[in-house]
Amino acid sequence: MKRIDTYCFLLLLFCACSFLLHREEALFPQSWPEPVYNFRKNPLDSATIQLGRTLFYDPVLSVDSMISCASCHSPYNAFTHIDHALSHGVKDRIGTRNSPVLINLAWGKSFMWDGAVNHLDMQALAPLENHLEMDEKLPHVIQKISRQEKYRRLFRAAFHSEDITGERFLKAISQFMLTLVSSDSKYDRVMRGDNMAAFTEREQKGYELFKQHCASCHSEPLFTNQTFQNNGLAPDSVLMDIGRMKVTRKKADSLKFKVPTLRNIERSAPYMHDGRYRSLQMVLFHYSSDIHSSPTLAPQLRNGIRLSEEEKTQVIAFLKTLTDNTFLTNKQFQYPRVL
């Protein structure tokens, strides 16, 4: 009898471990590379995801309870904002950069435009404690949410304890962000061989041009190679943003910024780290005719990207195939109704 009980226990343990592993894998297309995020240290759980989602939309995280994560990362715009170039924070303070989209973060090796954060579990601290954004401190936020019965209930469901800690707070927000997987655009359906999906002639020509001129940095299927590049933007005379060099203090990193994903690019204007371009047409004009030369300029941009007006139209047509309406309208990512 003891031998049978031991066998059953081991079988249940194996099934539980297998379930935890496959639960994360189910989120990600099989043809994609392995995620970077270590799910063994923070396995996805529906109750924890719900907690993270609730925190993401709650303005109590800011010093004046007016700004939430979603204030700058709207689900309808690929989790960025579109109404201004730079992020806006508490008390109408204006930030120094455009909010990056929050897409496919499980593959992220670093976060923020300059890579100042090297782990997703720590990413939420950056806007939370930034004077221009939320202007809070994590211990005080924990005190505030600990007073609410709603959060005591949500933490109990997620962690089987009402002990609300900074570590649990950050892991819960990470879990919600890890679910923000965009992989059902027209491009994805074509790549999967869906019989109902096919590029138009213009989109196909744009795809060929994209692979020739853009894919070295915006590599498929994530449409970013996760590196930092100087893409030829002239420094803003007011912001004087030196990019990655702010973190590494190395001259070789001057004016380098993280290569952003192009997924849902149609819906995430304005573009660039400072939101200087309002349209994809303006972005392509920059690459063809307005490259600012400097010692750290990406080598592939030294002569610009020469495209005719028709070719630019073709590239934009392809970029629009990266729009994932399934992702943009997913109710599981939108404001939660928590009583």
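Residues numbered from 1 in each chain as written. Predicted model: local features only at pLDDT ≥ 70, side-chain atom pairs only at ≥ 80, totals over all residues. Heavy atoms only, no water.

**Comments concerning the overall build of the protein**
For the protein, the helix and strand inventory stands at 14 helices and two strands. Computed over the C-alpha atoms, the radius of gyration of the protein is 22 Å, within 12% of the 20 Å expected from 2.2 N^0.38 for a compact globule of 339 residues. Overall size of the protein, expressed as C-alpha extent along the three principal axes, is 75 × 50 × 35 Å. Here the protein, with 339 residues, has 51% of them falling under the buried criterion. When contacts within the protein are restricted to residue pairs at least 6 apart in sequence, long-range pairs at least 24 apart make up 68% of them. (Helix = DSSP H or I, 4+ residues; strand = E, 2+ residues; numbered from the N terminus. Rg over C-alpha atoms; globule rule 2.2 N^0.38 Å. Buried < 20%, exposed > 50% of the residue type's maximum accessible area, 1.4 Å probe, protein only. Contact = heavy atoms within 4.5 Å.)

**Some points on helix H6 (residues 138-146)**
Residues of H6 that are buried include every one of Leu138, Val141, Ile142, Lys144 and Ile145, and no others. Projection of H6 onto a plane perpendicular to its axis shows the buried side chains occupying an angular sector of 160°, all on one side. Residues of H6 that are buried sit in contact with helix H2 (46-56), helix H5 (125-129), helix H7 (149-159) and helix H8 (166-178). (Arc of directions from axis to C-beta.)

**Quick notes on the state of the cysteines**
Taken as a whole and assessed by the stated rule, the structure comprises zero disulfides. Between Cys214, a free cysteine, and Cys217, which holds the nearest cysteine sulfur, the sulfur-to-sulfur gap is 9.2 Å. A relative accessible area of 13% means that Cys217 is categorised as buried. (Disulfide = S-S within 2.5 Å.)

**What about the nonpolar core?**
Membership of the largest hydrophobic core comes to 53 residues, with the highest contact counts inside it found for Leu55, Leu61, Ile145 and Phe169. Of all the secondary-structure elements, those providing two or more residues to this core are H2, helix H3 (69-72), H5, H6, H7, H8 and helix H14 (325-328). Top element by residues in this core is H8. It accounts for seven residues. Discounting residues that sit within four places of it in the chain, Ile145 has contacts with Leu55, Val60, Tyr151, Phe155, Ile164 and Phe169. Listed in part, the 31 residues of the second largest apolar core include Ala197, Phe210, Tyr277 and Val283. (Core = buried A, V, L, I, M, F, W, Y, C linked by side-chain atoms within 4.5 Å.)

**Looking at the confidence of the model for the protein**
The predicted structure's coordinates, where accompanied by low pLDDT, should not be read in detail. Chain-level statistics for the protein give a pLDDT mean of 93 and a share of 92% at 70 or above. Under a pLDDT of 50 for its full length, residues 6-22 has, in the predicted model, two contacts with residues more than four places off or in other chains. (pLDDT = per-residue confidence, 0-100.)

**Let's talk about the environment of Met272**
On the secondary structure map, Met272 appears in the loop between strand S2 (257-258) and helix H12 (280-289). Its relative accessible area of 12% is what places Met272 among the buried residues. Apart from residues lying up to four places away in sequence, Met272 is in contact with Asn98, Trp113, Asn231, Leu233, Tyr277, Val283, His286 and Tyr287.

**Focus: the side chain of Ser110**
Tracing the backbone shows Ser110 in the loop between H3 and helix H4 (120-123). The class of Ser110 is buried, set by a relative accessible area of 10%.

**A look at the packing of H2 against H7**
Running from N to C, H2 and H7 cross one another at 150°; their axes reach a closest spacing of 7 Å. As summarised for this structure, H2 and H7 are arranged roughly antiparallel, according to the angle between their axes. As for the relative orientation of H2 and H7, their crossing is left-handed in sense. From H2, Ala47, Thr48, Gln50, Leu51, Thr54 and Leu55 reach across to H7, where they touch Lys150, Tyr151, Leu154, Phe155, Ala157, Ala158 and Phe159. Of the residues in the contact of H2 with H7, the class split is nine nonpolar, three polar and one charged. (Axes fitted to C-alpha atoms, helices over the stretch in contact; angles between N-to-C directions. Parallel < 35°, antiparallel > 145°, perpendicular 65-115°, else oblique. Left-handed = near helix turned anticlockwise from the far one by under 90°. Nonpolar A, V, L, I, M, F, W, Y, C, P; charged D, E, K, R; others polar.)

**Describing the pattern of salt bridges**
Under the counting rule described, the total for this entry stands at 16 salt bridges. With a shortest N-O distance of 3.4 Å, Glu167 and Lys171 are connected by a salt bridge. Here Glu167 pairs with Lys171, and both are found in helix H8, just four residues apart, close to one helical turn. When its relative accessible area of 53% is taken as the criterion, Glu167 is described as exposed. For Glu208, the salt bridge identified is with Lys211, shortest N-O distance 3.5 Å. Of this pair, Glu208 and Lys211 are both found in helix H10 (residues 201-213), three residues apart, which corresponds to roughly one turn of the helix. For Glu208, a relative accessible area of 39% puts it in the partly exposed group. Given a relative accessible area of 36%, Lys211 falls into the partly exposed group. Here the residues in one salt-bridge network are Arg97, Asp114 and Asp241, joined through shared partners. (Salt bridge = Lys/Arg side-chain N within 4 Å of Asp/Glu carboxyl O.)

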